[in-house]
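Structure at a glance
Now for the letters of each chain:
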Amino acid sequence: MPTSKEYLSFLLDQLSSLDEISYRMMMGEYLIYYRGKVAAYICDDRFLVRPVPAAIKMLPDAEYDAISEGGRKKLLRVDDVDNRELLTDLFIAMYDELPEPKNKKKKKENKNSQ
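Residues numbered from 1 in each chain as written. Predicted model: local features only at pLDDT ≥ 70, side-chain atom pairs only at ≥ 80, totals over all residues. Heavy atoms only, no water.

Moving on, we come to the pattern of salt bridges. Counted according to the given criterion, the structure contains 7 salt bridges. In this structure, Asp65 and Arg46 form a salt bridge, with 3.2 Å as the shortest nitrogen-oxygen distance. Of the two residues, Asp65 sits in strand β5 (residues 64-66) while Arg46 sits in strand β4 (residues 46-49), which places them 19 residues apart along the sequence. For the pair Asp65 and Arg46, one class covers both residues: buried. Across the pair Arg77 and Asp79 runs a salt bridge whose closest N-O atoms are separated by 2.8 Å. The class of Arg77 is buried, set by a relative accessible area of 19%. Residue classification places Asp79 among the exposed positions, given a relative accessible area of 56%. Connected via shared salt-bridge partners are Asp44, Arg46, Glu63, Asp65, Arg77 and Asp79. (Salt bridge = Lys/Arg side-chain N within 4 Å of Asp/Glu carboxyl O. Helix = DSSP H or I, 4+ residues; strand = E, 2+ residues; numbered from the N terminus. Buried < 20%, exposed > 50% of the residue type's maximum accessible area, 1.4 Å probe, protein only.)

This is the structure in structure tokens:
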């Protein structure tokens, strides 16, 4: 069951106090970016964040979920999506621990130079 646009809109509204929140659709689901880094996924109307140490600390009772059935990548499921303050604080705390975006242009240049 793909994520509903209503759920996406709700979560974007919950994160609206943060600067530089964006999203990208991918196979009926959504990647959520915070200041250019992938911070979360919305899959099957579930809000999943990367399990970086800050997120694990802030969500000690959160369950791990896969993006898709049988998927190997496990993320933390955020159940308290109604708590705007928690979501804002969570993204701010996670930011420095999120991986830097991959530079696709640089990879292409390296392939061409070999």
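What follows concerns helix α3 (residues 84-94). Counting along an α-helix, one turn takes 3.6 residues, and residues three or four places apart therefore face a common direction. For α3, the complete set of buried residues consists of Leu86, Leu87, Thr88, Leu90, Phe91 and Met94. Where α3 starts, the residue carrying a side-chain oxygen 3.3 Å from the main-chain nitrogen of Glu85 turns out to be Asn83. (Polar contact = N/O pair within 3.5 Å; in protein donor to acceptor, adjacent residues only side chain to side chain.)

Pairing of strand β1 (residues 21-26) with strand β2 (residues 29-34) involves 6 bridges; the strand directions are antiparallel. By the bridge assignment, Arg24 is partnered in β2 with Leu31. (Pairing = 2+ DSSP bridges.)

This paragraph deals with the sheet that holds strand β3 (residues 37-43). In space, the 6 strands of this open sheet follow the order β1-β2-β3-β4-β6-β5, with antiparallel pairing throughout. Lying at the two open borders of the sheet, with one neighbouring strand each, are β1 and β5. Taken pair by pair, the neighbouring strands of this sheet meet at an average axis angle of 40°, ignoring direction. Pairing of β5 with strand β6 (residues 74-78) involves 3 bridges; the strand directions are antiparallel. (Axes fitted to C-alpha atoms, helices over the stretch in contact; angles between N-to-C directions.)

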